[in-house]
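# Chain and residue survey
Each chain is listed here by its residues.
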Amino acid sequence: MTKRLCAVQQLVLAVGLAGGVAPALFAQTGRMPAYVVPSYEDFRITTRMSHGDGPSHTTTTTLYLRGARERRESAVEQTGESATPLLASILQCDQRRAIHLNLSDQLFSEVTFVEWSNSFAGVSTRPEAQGPVVTTIEDAVDTGERRRLGRHVARRVKTTTVVSPAPGANTPASRRETEGWYIDLPGLGCVASEMKSSLRLSAENPNGPRDRHRYQTKGTARRGYAIEETTRHTEARMTYTTTVTLVDWSDAPLDPLLFELPAHFRPALPMPGGGVDLTKPDSVANRLQTYWDVITAVVSRVVPWSRDRLR
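What counts, and at which threshold
- Residues numbered from 1 in each chain as written.
- Predicted model: local features only at pLDDT ≥ 70, side-chain atom pairs only at ≥ 80, totals over all residues.
- Heavy atoms only, no water.
- Disulfide = S-S within 2.5 Å.
- Helix = DSSP H or I, 4+ residues; strand = E, 2+ residues; numbered from the N terminus.
- Buried < 20%, exposed > 50% of the residue type's maximum accessible area, 1.4 Å probe, protein only.
- Contact = heavy atoms within 4.5 Å.
- Salt bridge = Lys/Arg side-chain N within 4 Å of Asp/Glu carboxyl O.
- pLDDT = per-residue confidence, 0-100.

One way to say it: the disulfide is the covalent bond shared by the sulfur atoms of two cysteines. Taken as a whole and judged by the stated rule, the model has one disulfide. With its sulfur 2.0 Å from that of its partner, Cys93 forms a disulfide with Cys190. Sign of the S-S torsion, about -80 degrees for the bond between Cys93 and Cys190, identifies this disulfide as left-handed. Taken together, the residues span a long stretch of sequence, with Cys93 in the loop between strand S4 (87-92) and strand S5 (97-102) and Cys190 in the loop between strand S9 (174-183) and strand S10 (212-220) at a distance of 97 residues. For Cys93, a relative accessible area of 1% translates into the label buried. Cys190 sits in the buried class, given a relative accessible area of 0%.

This part takes up the side chain of Arg156. In this structure, Arg156 sits in strand S8 (residues 152-165). For Arg156, the contacting residues outside a window of four places in its chain are Val141, Asp142, Thr143, Gly144, Glu145, Arg146, Glu179, Gly180 and Trp181.

Another point: the pattern of salt bridges. According to the stated counting rule, one finds 17 salt bridges in the structure shown. As a salt-bridge pair, Glu70 and Arg72 come within 3.4 Å of each other at their nearest N and O atoms. A single burial state applies to Glu70 and to Arg72, both of which are buried. Taking the shortest distance from any N to any O, the salt bridge between Glu177 and Arg175 comes out at 2.9 Å. Residue classification places Glu177 among the partly exposed residues on the basis of a relative accessible area of 35%. On the basis of relative accessible area, Arg175 is assigned to the partly exposed category, the value being 39%.

Okay, the confidence of the model for the protein next. For the protein, mean pLDDT is 82; residues scoring 70 or higher make up 75% of the total. Least confident of the elements in the protein is helix H1 (residues 2-15), whose mean pLDDT is 38; most confident is S9, at 97. Under a pLDDT of 50 for its full length, residues 1-20 has, in the predicted model, 45 contacts with residues more than four places off or in other chains. A low-confidence stretch, residues 195-199 (pLDDT under 50), is modelled with 14 contacts involving residues beyond four sequence positions or located in other chains.

Structure, rendered in structure tokens:
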């Protein structure tokens, strides 16, 4: 189970922006970003993200860019855990298609991008919340420092985000300080809008009124794609640190086949509720086992005493 969950976590990292930025921006602003077809010069960059003070949990991500296409490869490493599959995603913005790959087991799934405006047609933002006010203030400052990364120029930006809830709010107070070096990669994820520096998430109580969020911006320095970054998030007197380090980069020509579906890869297992399990091939035996697992899970919840008999 741990291996499968880690693989799913890797997939979320590997999918990139196209699958997540549009819904996130819609949730925050009620507006959809424009779909774009970028035109990149060949570029490859590898970064490593670590959580905490030690190397117990790291994610290594390699981003490849060429023309209207991008590829991300991600690998999660956890001390004491078995190796998880190396996953990748290919975004073919010119074809409106995403291909997700399990490189370890040579499995794949494909997704065709639908028109985002059609996907969210008829979806309205929720009515104004009536709960306590939560004020979030973000201050992003460009230090003026620059460094060159091949054809790209990185800038250093310091960002501070302070969340201050009124008494009775569900959202906890927090402070996040981020300092890093960033480069511009316009059109990343096939979207025109740059993702906000912090995703606006909040805690909610289903039995009470939703918090009323108010956002204020001081400094408006742009960030971009992080090549080096340190984030310290403090909440409930606990501080969590996330660090991104630059491993390698190159602007040498890339093989066009990196951005195509390998001919010898097999389809991954589709799941009954939607999506795919990239850790298993699509076969009759695997489909039957998946359906049986779903049935037994439902029956076990409805009739708890039947749990042992279904095993």
